[in-house]
Every structure is written in C-alpha cells, then in structure tokens.
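# Summary of the model geometry
These are the residues of each chain, in order.
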Amino acid sequence: MTATPAIEGWFTTGAQPALVGTGCTTCATVFFPRAEGFCRNPACAGEEFEDVELSRHGVIWSYTDAQYQPPPPYIPRTDPYEPFALAAVELPEGLVVLGQVADGYGVHDLRVGGEAELVVETLYTDADGDHTIWRWKPVTEMGAEADQ
Ligand SMILES: [Zn+2]
C-alpha cells in the first residue's frame, strides 16, 4: 500500500510535513493555496512565485464543528457524512489555513489562542492505497513540554 496526497502539491509528507504555498518574488507575500499567474497583493504587479514551505505550527484563530459537508477540496471521509471539527490556524506568515482537526481530537480539545501543529493523516483508502490530507493537531500542555 502506498500513501499519496489527496491533493497533489499542497503539502509535503514525511515525519515533518508542511503545507506548500508560494511566495511572490516581488513583494515576498506568501500565499496558500498557491498563487499562480499574478500576485494577489493589489499593490504588487509581481508575476513570479517560488514554492515556500509554511510553518508547521500556528495559533488557533477559530474553530467549528462542521455539521454540514464543506465544499471541495474537503473530500468527505465517510458516507453518510459525519460531523468533525475544523480549525482555522493562523501561521507566522500571516495566513489563516483551514483544516480538519486530527483524528482523536474534537472541539473540546481546541481553544482560541492555543497552538496547533500540522500533521498528515489518511483521508481515505482505496485500491491505490492511502490518500492523505493535512490536519491540525492541537498541542496540549503535555505536547508543548515534549516539544521543548
Ligand atoms: Zn507580490
């Protein structure tokens, strides 16, 4: 069985996975999902981008219980749909990235201002193997100590 990203090019895999955004070579603004063609900074005329791996840790900005199926690219893992927690995490780059909360965690593990770490987990499995997606794992008090 192999593990491949469910969305190609949006994140790296391995022990230290990271989201992959793009940085404008003109104004250095970082975008996720990746910007192509022209810079989304209205004050910038840049058209060239380079891949940038985003920080693996951020601060929980908001979270919600997803009672309804979100729009693509959030591929439902179960049919019928099962609610899960979503977190919006602000990265040091100034981006807020929405993601599902890691397996085994729910809204009761989340608090605004708390730390979250990027993990990559299996979204679904088919004949081609595991298909993975990024998720936000809340960093607990114990986890925070283990990091130091
Ligand atoms: Zn720019």
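A few points on the structure. (Residues numbered from 1 in each chain as written. Predicted model: local features only at pLDDT ≥ 70, side-chain atom pairs only at ≥ 80, totals over all residues.)

Our focus in this paragraph is the pairing of strand 8 (residues 115-126). Pairing of strand 5 (residues 57-66) with strand 8 involves three bridges; the strand directions are antiparallel. The residue bridging histidine 57 from the neighbouring strand is glutamate 117, located in strand 8. For strand 8 and strand 9 (residues 129-138), the ladder comprises ten bridges, and the chain directions are antiparallel. Bridge pairing in strand 9 places valine 119 opposite arginine 135. In this structure, the hairpin formed by strand 8 and strand 9 is closed by a connection of two residues. (Pairing = 2+ DSSP bridges. Helix = DSSP H or I, 4+ residues; strand = E, 2+ residues; numbered from the N terminus.)

What follows is about the environment of histidine 131. Inspection of the secondary structure assignment puts histidine 131 in strand 9. Given 18 C-beta atoms within 10 Å, histidine 131 falls into the partly exposed group. Once the C-alpha coordinates of histidine 131 and threonine 2 are considered, the two residues, 129 residues apart in sequence, prove to be 8.4 Å apart. With residues near it in sequence (within four places) discarded, histidine 131 still touches Thr4, Ala6, Leu123, Tyr124 and Thr125. (Buried ≥ 20, exposed ≤ 12 C-beta atoms within 10 Å, placed from the backbone. Contact = placed C-beta atoms within 7 Å.)

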